[in-house]
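Remarks on the overall topology
These are the residues of each chain, in order.
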Amino acid sequence: MRSLRSRAAAAVLRLLSVRPAAAAVLCALMGLPAVAASATPAAAAAVQVAKYDFEDGTTQGWGPRGGGVEVTSTSDAAHSGSRSLLTSGRTATWHGASISPPFQKGVTYQVTAYARMVSGEPSSTIALTMQRTPDGGDTTYERVAAATVTDGGWAELSGAYSFGADSTGLQLYAESSDATAKYYIDDIVITSDTDPARSGLSTDFETGTAQGWSPRASASLAATTDTAHGGARSLAVTGRSASWDGPAISVLGKMAKGSKYTLSAWVRLGPGTSSGNLGLSIERRTNGTPSYERVAAPKAVPEGQWVQLTGTYTLAYDVDFLSVYVESDTGTFPFYLDDFTLTYVEPKPIQTDIPSLRDEVPFTLGAAVARAQTLGEHGDLLLKHFSGVTPGNDLKWDATEPREGEFNFAEGDYLVNYAVQHGLTFRGHTLAWHSQTPDWVFKDGDRDLTSSAGDKALLLKRLENHVKTLVGRYKGKIAVWDVVNEVVDENQPDGLRRSKWFQITGLDFIRTAFRVAHETDPAAKLFINDYNTEFPRKRQALYDLVKKLKAEGVPIDGVGHQLHLNIEQPPASEVEATIEKFAGLGVDQQITELDVSVYPDFVSTYDEVPAEVLAEQGHRYKELFDVFRRHKAQISSVTVWGLADDATWLSTFPITRLNAPLLFDDELQAKPAYWGIVDPAKLPPLVRRLEAPAGAPKVDGKRDLEWDLLPDAPIARVGDVSAGFQARSSAKWLYVLAEVRDPSNDRSDRVTFTVGGTPYAIRRDGGHPRGVDADVKKTAGGYRVEARLPIGTDVTVAVADASGGSETTWTGKLTATPAVKLTTAPRRQPVVDGTVDRAWAAAPEIRTATWIQGTSGATARARALWSGDTLYLLAQVSDPTLSEQSANPWEQDSVEFFVDSGNGKTRGYGDDDGQYRISFSGRTSVGGPLDPAAIAGNLTAAAKVVPGGYVVEAAVRLPTVTLRDGTLLGFDVQVNDATGSARTGAVTWNDATGQGYRDTSHWGVLQLRH
């Protein structure tokens, strides 16, 4: 037992915390040494959770409680400042002002407020009361604070409050003992000894209750033992009335403005549901106005499996309501929810000891941002590294004019004013676009607008009003506008997108938008902006349009190139070719939406992006910025489409997956991509990989057919020199080819192949080491080197410019692979009816014998013909047992033809590459590019069952290339063998990877012949 003296000392310490003077007297009486105030154990600093002072002229989320009650912000009286909250219209004691408070279970809050009666009102007791409904219990009403209040001065209401049971329907309200009294409240402050905005939140339903989750509409929620992700229980969600109806939980107070959080939930389909997509979203309200933001896009939930929904969220707004909910993209099917967590992400300070990007480039460097990227560490990163901003969505039509004549400038004003305040340039994005334009723009009442003169005039009038309003509002603040966005479609005969704008007005919407923007702000620079301008057909279509419009006098000042690229495609040389082409039009050019996906295709995913991929991305950024720097006279700005990897549109496009396309990672730290721009010497070494198919081309300096079966691997441009490289292999020899672009024509220029550590230098004038079989030929703008060297796998190719003193290199590992198969297609036109007519006799036959699933089963003999712009294909399949039981077309007995119009041999599909599938019954399906529907109309097919199998005939139209004698197409054939509802075998002609559905690089080659 402690001594009396020690217990007395403890009592003094307790007294000291509330009555310091009394404690001093007690010490003297007891003969104890004086205890200074500083000796008191430090209490945890109170954290302000919420404050309501009504100085902004709004009710700040407080609303009426009871019929007829009015709650308004007023300047008639104030405890501090100039405003308070007036409550009037009451007819019952419990009537008053109320709010959903940011209270959480297990946290103790201190609530302080000040109240005063309206002049002439009698005194009454004003109380702050909490209403809540415990899970499984009855609604309770708990007093937090109360005081007698008069009209002669402000009275303080102060009290502590906490609750320990999972509860819903939380409501903090002010009431009065006088049923009709009018009163003011002001300076309501809520604090706690801990910070709820950092403590996180989790629910696992193991208590057998809903743990604070409630339905958004009519859904029923119940803790159940039917299934669980972890533990023994989950939450069953049934009776949903809409896709957005389901479980929601308040997270008000659990998130702080400017802070970042990770949210995670596990979901599973309910009984009787075989498929469905579920996602995680946020609803926030400010002064009663709701907004909805996606945290995790709806993703497929396979039957019988738990799927994690996860994402990060940064709260960027002051809110009076904040809720997380689970929704589906369509349907009202039942599902289960379990193991929800909300976790505060401790911010890592940005790196202040690295160079600022904006100081390392000779043009404006911008980033696409929203409000969240201007706060906290994100704002620090933005201001350190960037000199300009573009709003990602906040100036688009749906954000600024959702209903005709009703403009919303809250977000635009915020971002523009932020830019002006911090000296950042601002790109206005965008005035006219086929996407994110509200339906009303193209309607007259319920009627769709047509191309009639009256409808065209109405649409152009709406456009004029919209452009004039936006450009006029920000005149002098926004220096550059994307006036029209994505108006080109290179697949159309005239190269123009068939948007509603175009269908109704032709080119007049473009002319009008530019004219009105220029008239409204003559000083602003006006741009036409588009994607894929680095591809030759799109480049030419946009070039022709800009040239035409400028010739008409349309005030186009510049062309914006979006440049949404990936780590492999398209080559930087194509980006450079685009910049060089538009330079001839005398327009300014800007890179407007730059990012570099870590995926070369539309379907791959990583759980964690490998370090070597991030290194490759860094070298890709280095090569791109080398291009931009070389053309600094033509490029005035480069904008990266996002600030850091924690907020990128590519996390949900084209599919939901981890992506890391930007310069800074999720924690806002510099990546290899950053160093690729600032200091490439700090990049990790890049070791490339290249296949060397079997072959023995003649070494004569000529580019024969063998080399044309594959594209050259690009070697980055340095100075005026760039190159492409290929290799072929045999048991003893390595055959190499280098296509060099070097206009200097210095005889001492050279290519050095280092194989297995041994260098072999071959000069432009043909000089080479003894014992090496090599030849050099002059080409337009450069030279070609061909050589036969001892076999090896570790290879470096160094291309040196003797006069310029520069060198560009390629370092990598070669892998010997089987030869690329080649077949031919004569020029004939068969009838596509499933019958093998005489025209097919002219075509050589190929056989599927490369097994990618199983080792036996259905196979095919295939042939190809061509005529005009169409490729004709035949497959005679040996398969005695046929099935279409599976719902998946690739698991049915079928034939797939793969066609790559440009023989690009890329790891992903281009827009005109295609996977064309025909089942034994003639069912067709198309896959491959980002938009398979765009090529589906190119396929015509017929199938016929015959003894022992079936015959498939197909016609594939190839409108993006000119077919002629000698044209090379990437090509393959695959046969799928089904047994019941499963695919039990699959065999191809050339591609042994089994990845042909997403990767064109291992297809064979089809050569067209007369």
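Structure's up top.
Read on for a plain summary of the structure.

Across soluble globular proteins, nonpolar side chains have a tendency to be buried as a group. In this structure, Trp 481, Val 484, Ile 528, Leu 594, Phe 625 and Phe 628 are the most contacted members of the largest nonpolar core, which totals 101 residues. Not counting residues within four places of it along the chain, the set of residues in contact with Trp 481 comprises Leu 395, Gly 428, His 429, Leu 431, Leu 470, Val 471, Tyr 474, Ala 524, Lys 525, Leu 526 and Phe 527. Listed in part, the 36 residues of the second largest apolar core include Ile 249, Ile 282, Val 295 and Tyr 313.

Our next topic: the side chain of Thr 848. Within the secondary structure, Thr 848 sits in the loop between strand S45 (846-847) and strand S46 (850-853). A distance of 2.9 Å separates a polar side-chain atom of Thr 848 from the backbone nitrogen of Ala 860. Look past the residues within four positions of Thr 848 in its chain and what remains in contact with it is Thr 859, Ala 860, Val 973, Val 975, Val 987, Thr 988 and Trp 989.

Moving on to helix H11 (residues 572-583). Taking 1.5 Å of rise per residue, twelve residues should cover 16 Å, and H11 covers 17 Å from first to last C-alpha, within 8% of that figure. Of the residues making up H11, those classed as buried are Ala 572, Val 575, Glu 576, Thr 578, Ile 579 and Phe 582. Viewed along the axis of H11, the buried residues span an arc of 155 degrees, placing them on a single side of the element.

Under the counting rule described, the total for this entry stands at 27 aromatic pairs. Here Phe 442 and Trp 501 contribute two aromatic rings whose centre-to-centre distance is 5.2 Å and whose plane-to-plane angle is 80 degrees, an arrangement assigned as edge-to-face. On the criterion of sequence distance, the pair formed by Phe 442 in the loop between strand S25 (425-433) and strand S26 (443-444) and Trp 501 in helix H8 (residues 500-505) is long-range, its members being 59 residues apart. Of the two residues, Phe 442 and Trp 501, neither departs from the other in class, the shared state being buried. Ring centres of Trp 501 and Phe 509 lie 5.7 Å apart, and the angle between their planes is 20 degrees; this geometry places the pair in the stacked category. Joined through ring pairs, the aromatic side chains of Trp 397, Trp 440, Phe 442, Trp 501 and Phe 509 make up one cluster. In this arrangement the basic side chain of Lys 538 is found over the ring face of Tyr 531, its NZ or CZ atom lying 3.7 Å from the centre.

Looking now at the packing of helix H10 (residues 536-552) against H11. Angle between the axes and distance between the axes are the two parameters that describe a pair of packed helices. The geometry of H10 relative to H11 is characterised by a closest axis approach of 11 Å and an angle of 15 degrees between their N-to-C directions. Relative to H11, the element H10 is oriented roughly parallel. The way H10 lies across H11 gives a crossing that is right-handed. Residues Pro 536, Arg 539, Gln 540, Leu 542, Tyr 543 and Val 546 of H10 form the contact with H11, whose participating residues are Glu 574, Ala 577, Thr 578, Lys 581 and Phe 582. Tallied by class, residues from the contact of H10 with H11 come to six nonpolar, two polar and three charged.

Thresholds, definitions, all that
Residues numbered from 1 in each chain as written. Predicted model: local features only at pLDDT ≥ 70, side-chain atom pairs only at ≥ 80, totals over all residues. Heavy atoms only, no water. Core = buried A, V, L, I, M, F, W, Y, C linked by side-chain atoms within 4.5 Å. Buried < 20%, exposed > 50% of the residue type's maximum accessible area, 1.4 Å probe, protein only. Contact = heavy atoms within 4.5 Å. Helix = DSSP H or I, 4+ residues; strand = E, 2+ residues; numbered from the N terminus. Polar contact = N/O pair within 3.5 Å; in protein donor to acceptor, adjacent residues only side chain to side chain. Expected span 1.5 Å × (residues − 1). Arc of directions from axis to C-beta. Phe/Tyr/Trp six-rings, centres within 6.5 Å; stacked < 30°, edge-to-face > 60°. Lys NZ or Arg CZ within 6 Å of the ring centre and 35° of its normal. Axes fitted to C-alpha atoms, helices over the stretch in contact; angles between N-to-C directions. Parallel < 35°, antiparallel > 145°, perpendicular 65-115°, else oblique. Left-handed = near helix turned anticlockwise from the far one by under 90°. Nonpolar A, V, L, I, M, F, W, Y, C, P; charged D, E, K, R; others polar.

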